[in-house]
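# Chain and residue survey
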Amino acid sequence: MVNKRILLAEELIKTCALDAFVFFHLPNIRYLSGFSGTDGVLVVVGGETGFLTDSRYTTQARQQVVADSVREYRVKIDGILEFLAEKGAVRVGFESDTLAYATVSELREKGGAYEWVPVSREVKSLRCLKDEPEIEVLEQAAALNAVCFEEILSEIRPGAREVDIALALEFALKHRGAEEKAFDFIVASGVRGALPHGVASSKTIAAGELVTVDFGCRLNGYHSDETVTLAVGEVSPRLREMHDVVLEAHDRAIDSVRPGAALRDIDAAARKYITDCGFGDYFGHGTGHGLGLEVHESPSVSPRADEEAREGMVFTIEPGIYIPDVGGVRIEDTVLVTAGGCRRLTRIPKGFRTLPV
Ligand code: ZN
Ligand code: ZN
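So, here is what we can say about the structure in this document. (Residues numbered from 1 in each chain as written. Chains lettered and ligands numbered in written order. Predicted model: local features only at pLDDT ≥ 70, side-chain atom pairs only at ≥ 80, totals over all residues. Heavy atoms only, no water.)

## As for the pattern of salt bridges
What the rule picks out here adds up to 32 salt bridges. A salt bridge links E106 to K110; the nearest nitrogen and oxygen atoms lie 3.8 Å apart. Of this pair, E106 and K110 are both found in helix α5 (residues 101-110), 4 residues apart, which corresponds to roughly one turn of the helix. With relative accessibility at 45%, the residue K110 sits in the partly exposed group. Between E209 and K203 there is a salt bridge whose closest N-O contact spans 2.9 Å. We classify E209 as buried; its relative accessible area is 14%. Salt bridges sharing partners connect three or more residues here, namely E170, K174, E180, K181 and D184. (Salt bridge = Lys/Arg side-chain N within 4 Å of Asp/Glu carboxyl O. Helix = DSSP H or I, 4+ residues; strand = E, 2+ residues; numbered from the N terminus. Buried < 20%, exposed > 50% of the residue type's maximum accessible area, 1.4 Å probe, protein only.)

Structure, rendered in structure tokens:
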């Protein structure tokens, strides 16, 4: 299964008229070779793949990695240049979005014999179509979200601190097998809801507030990402309206997902509704992002997106309204693009929900 992915790397090499590609970015290395450690390089050249690492990881690599050879280096750059020299490459691609400038400079200095070609777009799309095993893990990670959220739901009540909700969720997720939390959870209540990235604080939740909980986990390297906004007791009509508008925008965006739909139009489906309802000034971020081995990856669903949705893409739909000094609402699901439209991977119901006080 992992082996077939090398064909994608070879396609990339062909598309960019390269002889070789050096992958440094760990999610790409994991995707292409199966290596889950934290240091190594994957070189693809002339139909051959070499995984290079140092002595700390050689044993792990020999067990995990699907590549033609696994080699040990003492100095990373030297190991790469040696491998390339053997294969007679000239034009060598690298990941221009993630590779440190210092490393690129060193490659160009020590490897002056090669033409080092920065590649961005083709690298971004490398992992954007998910295969069956990936979809399965993404679904499992999303299922964990639902179970754990239900488990801690009763703790979201007046008097609880945001940070306690975040901790309870993290504990529940790890207790049930998650490797790690996907990111620092956002638990934003009351006026803090107006902060789109309001990481859980020591603020106490009060009756009459909305609480936005944005969380997820990592399972076998893959992430879940989901946002729920709940009412703690009775909320004002204005807050209720904000929730209804975001929910409708979210539903419209999801309804517009199908192979061939411009990602920009999926964004517009949510944005136009929010704007038409008079809240356009309060929705500043893109509608969604790809999700997989990284929490944020290609594609992005935004007004600037220039790609189309394709079957197998997995991305979030997460419109929001954030009004300073009033509060905020965000509703987020992760969807898989299918032949006929899309399927929600995240499972927590998103309809308006009032928690007892
Ligand atoms: Zn999220
Ligand atoms: Zn997200």
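## Brief notes about the sheet that holds strand β7 (residues 180-181)
Spatially, the 3 strands line up as an open sheet ordered β7-β10-β11, and their pairing is antiparallel. Strands at the two margins of the open sheet, each flanked by one partner only, are β7 and β11 (222-223). Strand direction decides the pairing type here: β7 and strand β10 (residues 217-219), joined by 2 bridges, are antiparallel. Each bridged residue has a counterpart across the sheet, and for K181 the counterpart in β10 is C217. (Pairing = 2+ DSSP bridges.)

## Side note on the nonpolar core
With 35 residues, the main nonpolar core has L18, F21, F23, L32, L42 and F51 as its most contacted residues. A231, V235, V246 and V335 belong to the second largest nonpolar core, which has 33 residues in total. (Core = buried A, V, L, I, M, F, W, Y, C linked by side-chain atoms within 4.5 Å.)

## A short note on the pairing of strand β2 (residues 41-45)
In terms of burial, β2 is a largely internal element, 5 of the 5 residues being buried. Side chains of β2 alternate between two faces, with V41, V43 and V45 and L42 and V44 buried alike. As paired strands, strand β1 (residues 20-23) and β2 are joined by 4 bridges and run antiparallel to one another. Counted as the bridge partner of F21 is V44 from β2. Inspection of the sheet shows β2 paired to strand β3 (residues 48-53) by 5 bridges, in the antiparallel sense. Bridge pairing in β3 places V44 opposite T49. Hairpin connection from β2 to β3: 2 residues lie between these consecutive antiparallel strands, with G46 at a positive phi of about 55°.

## Focus: the pairing of strand β5 (residues 91-95)
Of all 5 residues in β5, 4 are buried; the element is thus mostly enclosed. As paired strands, β1 and β5 are joined by 3 bridges and run parallel to one another. By the bridge assignment for β5, V22 is matched with F94. In this region the chain leaves β5, passes through α5 and returns to the parallel neighbour strand β6 (residues 115-119); the handedness of that crossover is right-handed. (Right-handed = clockwise from strand over helix to strand, strands pointing away.)

## Focus: the coordination of the zinc ion (ligand 1)
Around the zinc ion (ligand 1), the protein contributes the donor atoms D214 (OD), D214 (OD), D225 (OD) and E332 (OE), at 2.0 to 2.6 Å from the metal centre. Around the zinc ion (ligand 1) sit 4 donor atoms; with metal-centred angles ranging over 55 to 150°, the donor geometry is irregular. Between the two metal centres, the zinc ion (ligand 1) and the zinc ion (ligand 2), the spacing is 3.1 Å, with D225 acting as a shared donor. One end of the pair, D214, is in strand β9 (residues 209-215); the other, E332, is in the loop between β17 (327-330) and β18 (333-338), with 118 residues separating them in the sequence. With respect to class, D214 is no different from E332; both count as buried. (Donors = N, O, S within 2.8 Å, 3.2 Å for Na, K, Ca; no water. Tetrahedral: all angles 85-135°; square planar, octahedral: opposite > 155°, others 65-115°.)

## Notes on the coordination of the zinc ion (ligand 2)
Only D225 (OD), H289 (NE2), E318 (OE) and E332 (OE) from the protein coordinate the zinc ion (ligand 2), and they sit 2.1 to 2.2 Å from it. Taken together, the 4 donor atoms surrounding the zinc ion (ligand 2) define angles of 81 to 156° at the centre, an arrangement classified as irregular. Each donor residue of the zinc ion (ligand 2) belongs to the same chain, and together they define the spacing D-x63-H-x28-E-x13-E. On the basis of relative accessibility, which here comes to 9%, the residue E318 falls in the buried class.

## Considerations on unusual backbone geometry
Following S298, the chain continues into P299 via a peptide bond in cis, with omega recorded as 0°. With phi around 50°, A17 is a residue other than glycine that occupies positive phi space. Given the relative accessible area of 49%, A17 is considered partly exposed. Unusually for a residue other than glycine, D325 sits at a positive phi of about 65°. Along the polypeptide, D325 turns up in the loop between β16 (320-323) and β17. When its relative accessible area of 71% is taken as the criterion, D325 is described as exposed.

## Thoughts on the packing of aromatic side chains
Overall, the coordinates contain 7 aromatic pairs when judged by the stated rule. Relative to F215, the ring of F149 has its centre 5.6 Å away and its plane inclined at 20°; by these criteria the two rings are stacked. Taken as a pair, F149 in helix α7 (residues 132-152) and F215 in strand β9 lie far apart in primary sequence, 66 residues in all. With 6.0 Å between their ring centres and 80° between their planes, F185 and F215 make a pair best called edge-to-face. Remark: F215 occurs in strand β9 and F185 occurs in the loop between β7 and β8 (186-189); sequence separation between them is 30 residues. The exposure classification of F185 matches that of F215, with both residues buried. Among the aromatic residues, ring-to-ring pairing joins F149, F183, F185 and F215 into one connected group. Stacked on the ring of F83, the Lys or Arg K87 has its end atom at 5.1 Å from the ring centre. (Phe/Tyr/Trp six-rings, centres within 6.5 Å; stacked < 30°, edge-to-face > 60°. Lys NZ or Arg CZ within 6 Å of the ring centre and 35° of its normal.)

Note that all results are geometric; they support no functional claim without further evidence.
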